Amino acid sequence: MTPFPDMPGFLYWPGYLDGAAQGALLEAVRGAIGKAPLYRPVTPGGQAFSVRMTNLGSLGWVSDRKGYRYQPTHPETDLRWPPIPSSLLDLWAELTGASAPDACLVNHYDAGARMGLHQDRDEADLTIPVLSISLGDTAVFRIGPANGGRTRTLRLTSGDVCALTGSERLARHGIDRVLGGSSTLVPGGGRINLTLRRAA
């Protein structure tokens with residue numbers, strides 16, 4: 001499904017994961033977080049992110065005063081990232097057909113957390129899609145063309161999946177806000193966003 005006809009590369013599958021699949025995926029992710037704890041990164045300028053994050057896969061995206069990059073180890077524990085759950089690899093294969101991802105960013109949005117407009121451009125091959133899965137509270141997602149121009153919003157609810165592909169692979173996107181209490185999936189509330197990529 002393409003919710004915005006003038007952005008045909010932005011694909012959206014509302015409610016793609018049912019309640020049981022969401023619960024199973026959440027448990028797998030929480031198990032991985034036990035091995036690679038959520039932490040709060042900072043921008044190269046030293047400003048703390050409002051989201052906490054971790055990674056799964058052979059490579060993980062990190063941000064600190066040295067810049068944005070992918071690396072094989074957690075910046076605080078210096079341990080390798082846990083593997084990507086098989087259910088996520090299967091989902092990637094079903095929806096993209098691209099080479100298997102080697103990175104999965106895990107962003108945890110607590111009350112008040114947001115993500116400013118940005119582009120995913122730290123990957124080696126920018127023709128390979130980015131696939132995003134939402135778990136927990138609903139988020140107000142904002143997206144706009146890569147070269148600027150008008151942005152639109154879309155509410156992403158638990159179990160929704162979307163992808164940046166083709167002409168929208170470098171679309172600007174972010175999270176304006178999270179609607180607290182809109183889901184009971186995540187213990188203690190909040191939203192978990194999983195973003196699968198091919199980094200290397």
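In short, a report on the structure.

Cut-offs and rules
Residues numbered from 1 in each chain as written. Predicted model: local features only at pLDDT ≥ 70, side-chain atom pairs only at ≥ 80, totals over all residues. Heavy atoms only, no water. Salt bridge = Lys/Arg side-chain N within 4 Å of Asp/Glu carboxyl O. Pairing = 2+ DSSP bridges. Helix = DSSP H or I, 4+ residues; strand = E, 2+ residues; numbered from the N terminus. Axes fitted to C-alpha atoms, helices over the stretch in contact; angles between N-to-C directions. Contact = heavy atoms within 4.5 Å. 1 Å grid on protein atoms, 1.4 Å probe; cavity = no way out; pocket = protein on both sides within 12 Å on 5 of 7 lines; lining within 4 Å. Points joined across faces, edges and corners; volume = space filled by probe spheres on them. Nonpolar A, V, L, I, M, F, W, Y, C, P; charged D, E, K, R; others polar. Buried < 20%, exposed > 50% of the residue type's maximum accessible area, 1.4 Å probe, protein only. Arc of directions from axis to C-beta. Core = buried A, V, L, I, M, F, W, Y, C linked by side-chain atoms within 4.5 Å.

**Thoughts on the pattern of salt bridges**
So, point 1. Counted under the stated rule, the structure contains nine salt bridges.
So, point 2. Through salt bridges with shared partners, a single ionic network connects Asp120, Glu123, Arg169 and Arg197.

**Quick look at the sheet that holds strand E5 (residues 103-109)**
So, point 1. In space, the six strands of this open sheet follow the order E1-E10-E7-E12-E5-E2, with antiparallel pairing throughout. The open sheet terminates on both sides in strands that have one partner only, identified here as strand E1 (10-13) and strand E2 (52-56). The average undirected angle you get between the axes of adjacent strands in this sheet is 20°.
So, point 2. In terms of strand pairing, strand E7 (residues 130-136) meets strand E12 (residues 191-197) through six bridges, oriented antiparallel. Each residue of the ladder has a partner; that of Gly136, found in E12, is Arg191.
So, point 3. The strands touched by helix H1 (residues 19-35) are E2, E5, E7 and E12; relative to E7, the strand with the most contacts, the crossing angle is about 100°.

**Some details on the layout of surface pockets**
So, point 1. In this structure, the largest pocket occupies an estimated 700 Å³ of space.
So, point 2. Along its surface, the largest pocket is lined by 36 residues, and Phe49, Met115, Gly116, His118 and Asp120 are the ones closest to its centre.
So, point 3. Residue assignment for the lining of the largest pocket shows that the elements contributing at least two residues are E5, strand E6 (115-118), E7, strand E10 (161-164), strand E11 (172-179) and E12.
So, point 4. Taken together, the residues of the lining of the largest pocket sort by class into 18 nonpolar, 12 polar and six charged.

**Comments concerning unusual backbone geometry**
So, point 1. Here Asp78, not a glycine, exhibits a phi torsion of approximately 65°, which is positive.
So, point 2. Within the element layout of this structure, Asp78 appears in the loop between strand E4 (67-71) and helix H2 (86-95).

**Concerning H2**
So, point 1. Buried within H2 are the following residues: Leu88, Leu91, Trp92 and Leu95. Axial view of H2: buried residues confined to an arc of 100°, hence all on one face. Counted as exposed and oriented over 90 degrees from the buried face of H2: Ser86 and Glu94.
So, point 2. The secondary structure elements touched by the buried residues of H2 are E1, H1, E5, E7, E10 and E12.
So, point 3. Remark: Gly97 follows H2 within two positions and exhibits a positive phi of approximately 70°.

**Let's talk about the nonpolar core**
So, point 1. In this structure, Phe10, Tyr70, Tyr109, Ile143 and Ile175 are the most contacted members of the largest nonpolar core, which totals 31 residues.
So, point 2. When contributions to this core are tallied by element, the ones reaching two or more residues are E1, strand E3 (60-64), E5, strand E8 (138-144), strand E9 (152-156), E10 and E11.
So, point 3. Among residues more than four places away in sequence, those in contact with Phe10 are Met1, Thr2, Pro3, Phe4, Phe141, Ile143, Leu154, Cys162, Ala163, Leu164 and Glu168.
So, point 4. One finds Ile84, Leu91, Val186 and Leu196 within the second-largest nonpolar core, a separate group that totals 26 residues.

**Let's talk about the pairing of E12**
So, point 1. Counting buried positions along E12 gives seven out of seven residues, so the element sits mostly inside the fold.
So, point 2. Of the two faces of E12, the one holding Arg191, Asn193, Thr195 and Arg197 and the one holding Ile192, Leu194 and Leu196 are both buried throughout.
So, point 3. Pairing geometry for E5 and E12, over seven bridges, is antiparallel. Bridge pairing in E12 links Tyr109 to Arg191.

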